[in-house]
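# Chain and residue survey
Residue-level listing of the chains:
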Amino acid sequence: MMAKTGDHIVIEVDGPKGHRREGIITAVGRADGHPPYEVQWLDNGHTTLIFPGPGARIEAVN
């Protein structure tokens, strides 16, 4: 998984308690675009450092 600052990250969890979460990548931990990513979440405005799992995808913003 590779991203750049400004890209969106979407995490979708399946199952009975499944949900969707979307955020904006505000910082990338490595110069090659690989995680960790600092993400500002759109639902609550909080910023966290994440290593995305299998339910995550990057939506590039041009």
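Refer to the structure printed above.
In this text the structure is predicted, and so the values were computed from the model without any measurement.

## What about the overall build of the chain?
Along its length, the chain carries zero helices and five strands. For the chain, the α and β elements follow one another from N to C terminus as β-β-β-β-β. Over its C-alpha trace the chain gives a radius of gyration of 11 Å, about what one expects of a compact globule, namely 11 Å for 62 residues. The dimensions of the chain, computed from C-alpha atoms along their principal axes, are 40 × 25 × 20 Å.

## Here's the deal with the pattern of salt bridges
Side chains bearing opposite charge may pair, as long as their charged atoms lie close to each other. Counting across every chain of the model gives seven salt bridges. Across the pair R21 and D43 runs a salt bridge, and its minimum N-O distance is 3.2 Å. Highlighted residues: R21 in strand 2 (residues 19-28) and D43 in the loop between strand 3 (37-41) and strand 4 (47-50), separated in sequence by 22 residues. Members of the salt-bridge network, linked through shared partners, are E12, R20, E22, R57 and E59.

Conventions and cut-offs
Once a new chain begins, its residue numbering starts again from 1 and follows that chain's sequence as written. Local features in this predicted model are restricted to residues of pLDDT 70 or higher, and side-chain atom pairs are both shown and tallied only at a pLDDT of 80 or more, whereas totals for entire chains, interfaces and linings draw on every residue. By convention in this description, side-chain values take in all heavy atoms of the structure and omit both hydrogens and water. Strands are runs of DSSP state E lasting at least 2 residues, helices are runs of H or I lasting at least 4, and numbering of each runs from the N terminus. The globule rule is 2.2 Å times the number of residues to the power 0.38, and the radius of gyration it is compared with is taken over C-alpha atoms. We define a salt bridge as a side-chain nitrogen of Lys or Arg found within 4 Å of a carboxyl oxygen belonging to Asp or Glu.

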